Amino acid sequence: MATITATATFTVNGAFLQEIKEASSELWQLLARVRRLCHWPISTQASAKLLVDTLRQLLDELGTYFTLEEAYGYFEDPLSVAPQVSRRAHDLRNQHRRLYSEFGSIVDQAEQYLYDRRLSNLTTFTASRFDAFYQQFQDHEASEGELILQVYCHHVGAGG
């Protein structure tokens, strides 16, 4: 018996995706706050708790942000879409899960260091892992911006 594999196509609603990005000031403020906190010396349990609490807030905000993008910015099985746009949209949409999971593991490990009272480990671990995550997230956001532009240019070029 032959197996038929259906491959979904994806496209982007550039206007909604851009609007979600512009309306996400809380996310960007939390990212900046975590960046600052990661590079401040953590010498007390209270400062460590502040960092971990802020990481947890950012994880929640990332979850909301990615959910909104997937619900309103990406569409599965559109009537027609350029194959390169579909592949890129699919890849970027799938990055959300990986980015969220990566950040979740950072938060989990930071919480463990906090509860074990290993503040030097918390400082070292969190700063390096967050910096790597932050760069991946920035690259992802830049790629989504390029995709929005690509979809817009394709739409205008197609006479739409």
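It should be noted that the structure appears before, not after, this text.
Cut-offs and rules
- Residues numbered from 1 in each chain as written.
- Predicted model: local features only at pLDDT ≥ 70, side-chain atom pairs only at ≥ 80, totals over all residues.
- Heavy atoms only, no water.
- Helix = DSSP H or I, 4+ residues; strand = E, 2+ residues; numbered from the N terminus.
- Buried < 20%, exposed > 50% of the residue type's maximum accessible area, 1.4 Å probe, protein only.
- Contact = heavy atoms within 4.5 Å.
- Areas by Shrake-Rupley, 256 points an atom, 1.4 Å probe, with all protein chains shown as cover.
- Axes fitted to C-alpha atoms, helices over the stretch in contact; angles between N-to-C directions.
- Parallel < 35°, antiparallel > 145°, perpendicular 65-115°, else oblique.
- Left-handed = near helix turned anticlockwise from the far one by under 90°.
- Nonpolar A, V, L, I, M, F, W, Y, C, P; charged D, E, K, R; others polar.

J.: It is not clear to me how the overall build of the protein should be interpreted in this structure. Could you clarify?
T.: Of regular secondary structure, the protein possesses five helices and two strands. Reading the secondary structure of the protein in the N-to-C direction produces β-α-α-α-β-α-α. Per-residue burial over the protein gives 38% buried out of 160 residues. When contacts within the protein are restricted to residue pairs at least 6 apart in sequence, those whose partners lie at least 24 apart make up 86%. Carbon and sulfur atoms form 53% of the exposed surface of the protein, whose accessible area is close to 9,200 Å².

J.: Honestly, the packing of helix α2 (residues 25-38) against helix α3 (residues 45-73) in this entry has me stumped. Any pointers?
T.: Any two packed helices are characterised by the angle at which their axes cross and by the distance between the axes. Their axes nearest at 9 Å, the elements α2 and α3 cross at an angle of 150 degrees. Relative to α3, α2 is oriented roughly antiparallel. Two packed elements cross with a definite hand, and for α2 against α3 that hand is left-handed. Contacts between α2 and α3 pair Glu26, Leu27, Trp28, Leu30, Leu31, Arg33, Val34, Leu37 and Cys38 from the former with Leu50, Leu51, Thr54, Leu55, Gln57, Leu58, Glu61, Leu62 and Tyr65 from the latter. Classifying every residue of the contact of α2 with α3 by side-chain character gives 13 nonpolar, two polar and three charged.

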